[in-house]
Amino acid sequence: MSDYLTDLLKLQALDFNERSEKNAESQKAELRNHIPKPILAHYDRLVARGKKGVALVRNQVCTGCHMRLPIGTINTLMQDQDIQLCDSCGRYLCLEAPVPAPAVEPVVAAKPAPKTRKRKTLAHTAV
Ligand SMILES: [Zn+2]
């Protein structure tokens, strides 16, 4: 399900020139091929009105219209069951990718501070 949304988001990025790609047109055509017609039609209607067709959901709030979304909608999105539209602005809702946990870096033993003193910079020796 969410594959469509991923494609829609990519399409939107191209439509709104958020990404400058050399072959944007052919990429758009390809994305459009992946997205079911009814979804595209709705997306196009929004874009035609100068709106973005897909809004990210952040903290249960639609970033398109800043309305809080019903928890049921969030749940459906989280379970990836169905595509959801924002009740307020009619955009497709896409959960913002969860912030990836910071990569666990191996704890490097603190390097002993280098003892070498900084040499005095010879500021006055103009070259
Ligand atoms: Zn909205």
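First things first, this report covers the structure right here in the doc. (Residues numbered from 1 in each chain as written. Predicted model: local features only at pLDDT ≥ 70, side-chain atom pairs only at ≥ 80, totals over all residues. Heavy atoms only, no water.)

Glancing now at the coordination of the zinc ion. Looking at the zinc ion, one finds its protein donor set to be Cys-62 (SG), Cys-65 (SG), Cys-86 (SG) and Cys-89 (SG), positioned 2.2 to 2.3 Å from the metal centre. Around the zinc ion, the four donor atoms sit at angles spanning 105 to 113°, and that spread fits a shape best called tetrahedral. As a motif over one chain, the donors of the zinc ion read C-x2-C-x20-C-x2-C. Judged by relative accessible area, Cys-62 falls into the buried class, the value being 0%. (Donors = N, O, S within 2.8 Å, 3.2 Å for Na, K, Ca; no water. Tetrahedral: all angles 85-135°; square planar, octahedral: opposite > 155°, others 65-115°. Buried < 20%, exposed > 50% of the residue type's maximum accessible area, 1.4 Å probe, protein only.)

Between its first and last C-alpha, helix H3 (residues 37-48) extends 16 Å over twelve residues, near the 16 Å set by a 1.5 Å rise per residue. What H3 keeps buried is the set Ile-39, Leu-40, His-42, Tyr-43 and Leu-46. Each buried residue of H3 sits inside an arc of 165° when the element is viewed along its axis, so together they form one side. Facing away from the buried surface of H3 by more than 90 degrees, the exposed residues are Lys-37, Pro-38 and Ala-48. One or two positions beyond H3, positive phi appears at Gly-50, with a value near 80°. (Helix = DSSP H or I, 4+ residues; strand = E, 2+ residues; numbered from the N terminus. Expected span 1.5 Å × (residues − 1). Arc of directions from axis to C-beta.)

Honestly, that's just the spatial picture; any functional story needs more than this.
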